[in-house]
Amino acid sequence: MHTIDTIYIDGRFVTPHGTELFDLHDPATGAVTGRVRLADEEDVRAAIAAAKRALPAFSRTGKAERIAMLHRLADAVAARRDDLLDAVIGEYGAPASRAAFMVDHPVNAFRETAALLADYPFLRRMGTAEVSMEPLGVAGLITPWNSNAGFICGKLATAIAAGCTTVIKPSEMSARQTQIVTEALHAAGLAPGLFNIVTGRGDRVGATISSHPDVAKISFTGFTATGKAILRSAADTLKRVTLELGGKSPTIILDDADLSQAIPLAINAAFMNSGQACIAGTRLLAPRSRLAEIEARARSAVEAVRAGDPRDPATIVGPMVSRTQWERVQRYIRIGVEEGAVLLAGGEGRPDGQPEFSGGWFVRPTLFTAVRNDMTIAREEIFGPVLSILPYEDEEEAIAIANDTVYGLQAYVLSGDTARARRVADRIVAGRVLINSLTHDPKAPFGGFKQSGIGREYGSFGLDAFLEPKALLGEGV
Ligand code: NAD
């Protein structure tokens, strides 16, 4: 049993004022594996006060000092790689194949940000003015469970680069990862108050951060509905708000695509992180001229997807993070069938042949075809391994369907003709469009159009979002 009964305020591990206990589960068995004592509103106010006290000194530090801090933090998190790996798999059921990325990503986030900071122009000449990019102040960082360590470290790295102090509110479902990351960050020996970490419920701890007058900036990753609530409560004090929200990403297969490459790529795009990924390509747009072939190949590819024990390196789809998430996926599969989509693989229930995991939150990798873009499964984010094939007549219709969504986070275009794929990509309304690839570049901006978010993370756009320009004009400038 993991007992987590401290939060981190002002450079120290302290017992929360909050007394609520929250169970942690192993999603592969459903068993309770730990208990975390949650912070409450009073704890958040103490954390914000500590961050506010630390701000004047920290905001005046120079680049070299912050770069050194970022490398210390990277080393400290890297030193806990094995513990983090174990927690990522045990806590949300990340398949081992994916978990390695999940634990290396936070370390890389610190290093990438250090490199970015080295070249970032804080002082700029604009006309007769000297413009300096100033830290916004205390930043509230609110993260989801599906890449908790990555989001904590990525957001913290950017805040540090900018000279902002922070109050971090990780998901209550990721308390083990949070504990390991917190211990690592503490070991890096930064000044007290520079970062504070309070695990608690969103509607109490998160809501207090997003409405508190001493918090100048919110960086949030999570569901679109939660993002809207945060935006509303941040409005009263006009906080700067970055929202990284959900998606319903299209994967457009053009009629000249080599299906032996396109189908595996499309399946990986859909089922990455067991389908619990904001960037999952969950709408597979298929040309009618090749529909039968695409359906047949996609069906055998999905049937071959190994769902089960997250510690088995061959597993692609692990358990869903929670019972609620399991039920959510079941409900969407049911709705798909009821609305007339045709089930090609998977369906409701648990994967076959895994009686030893009968208590775990396993779902069947599922493929629908004959899906129309107005069906619920094509419009709403499911956050599980459910892929829908939507047939289209021609390129124009493919682009129209791809863009007919409230989301706009990521898209994939697969084609044998790169120039043609590029022309299609240029017309897709999404923060990132990947051509014949599942690549990620931490120097490129990441974030969504429309209801996939506000603002960008990563690279210089990500750093800009923690800064405010200040212009000096007149004599002596
Ligand atoms: P969630 O919105 O339920 O929770 C995210 C965080 O917000 C948690 O820490 C939660 O406690 C907190 N929260 C909840 N209610 C709050 C409130 N009223 N005020 C302040 N904070 C509150 O999301 P989740 O289930 O943890 O994560 C899944 C979602 O995250 C999916 O929609 C997914 O697409 C999205 N996501 C987006 C990105 C991206 O970069 N765009 C990346 C990963 C996940």
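Reading the values: the criteria
Residues numbered from 1 in each chain as written. Predicted model: local features only at pLDDT ≥ 70, side-chain atom pairs only at ≥ 80, totals over all residues. Heavy atoms only, no water. UniProt positions renumbered as here; feature names shortened; annotations may be inferred. Near = heavy atom within 4 Å. Polar contact = N/O pair within 3.5 Å; in protein donor to acceptor, adjacent residues only side chain to side chain. Areas by Shrake-Rupley, 256 points an atom, 1.4 Å probe, with all protein chains shown as cover. Pairing = 2+ DSSP bridges. Helix = DSSP H or I, 4+ residues; strand = E, 2+ residues; numbered from the N terminus. Domains from an automatic or database assignment. Contact = heavy atoms within 4.5 Å. Buried area = accessible area lost by both parts, 1.4 Å probe. Nonpolar A, V, L, I, M, F, W, Y, C, P; charged D, E, K, R; others polar. Axes fitted to C-alpha atoms, helices over the stretch in contact; angles between N-to-C directions.

In the nomenclature of an unreviewed UniProt entry, the protein chain is known as aldehyde dehydrogenase (NAD(+)) of Azospirillum oryzae. UniProt lists a comment for the protein chain under the heading Sequence similarities (unreviewed entry), and it reads "Belongs to the aldehyde dehydrogenase family." In its Catalytic activity (unreviewed entry) section, the UniProt record describing the protein chain reads: "an aldehyde + NAD(+) + H2O = a carboxylate + NADH + 2 H(+)".

**Q** If you had to explain the site of the ligand to someone new, which residues and values would you point to?
**A** Near the ligand lie 27 residues; those nearest to it are Thr-143, Lys-169, Thr-226, Leu-245 and Glu-381. Trp-145 places a polar side-chain atom, nitrogen or oxygen, 2.9 Å from an oxygen atom of the ligand. In this structure, Glu-172 approaches the ligand through a side-chain N or O atom, which is 3.0 Å from an oxygen atom. Within the complex, 89% of the 850 Å² of free accessible area of the ligand lies under protein.

**Q** Please set out the pairing of strand β7 (residues 129-135) residue by residue, giving values where relevant.
**A** Taken residue by residue, a regular strand's side chains alternate between the two faces of the sheet. One ladder, built from four bridges, connects strand β6 (residues 123-126) with β7; its direction is antiparallel. Following the sheet pairing, Arg-124 is matched in β7 by Val-131. In this structure, the hairpin formed by β6 and β7 is closed by a connection of two residues, where Gly-127 is found at a positive phi of approximately 60°.

**Q** Any chance you could break down the domain arrangement of the protein chain for me, citing the residues and the numbers?
**A** Domains assigned within the protein chain are domain 1 (2-245 + 451-472) and domain 2 (250-441). One C-alpha centre belongs to domain 1, the other to domain 2; they are set 30 Å apart. On the side of domain 2, 31 residues touch domain 1, which itself brings 28 residues to the contact. Among the residues of domain 1 in contact with domain 2, Ala-28, Trp-145 and Phe-223 are the three that bury the most area, contributing 20% of the side total. Within the residue set of the side of domain 1 that touches domain 2, elements represented by two or more residues are α3 (81-92) and α4 (96-119). Considering each element in turn, the side of domain 1 that touches domain 2 owes the most residues, five residues, to α3. Of the residues in the side of domain 1 that touches domain 2, the class split is 13 nonpolar, 10 polar and five charged.

**Q** So what about the sheet that holds strand β14 (residues 281-287)? Which residues, and what values?
**A** Spatially, the seven strands line up as an open sheet ordered β15-β16-β17-β14-β13-β18-β19, and their pairing is mixed. The two strands at the open ends of the sheet, each matched to only one other strand, are β15 (342-347) and β19 (432-435). Pairwise comparison of adjacent strand axes, ignoring direction, gives a mean angle of 15° for this sheet. In this sheet, strand β17 (residues 386-392) lies alongside β14 in parallel orientation, the contact comprising five bridges. Paired with Arg-283 across the strands is Ser-388, a residue of β17.

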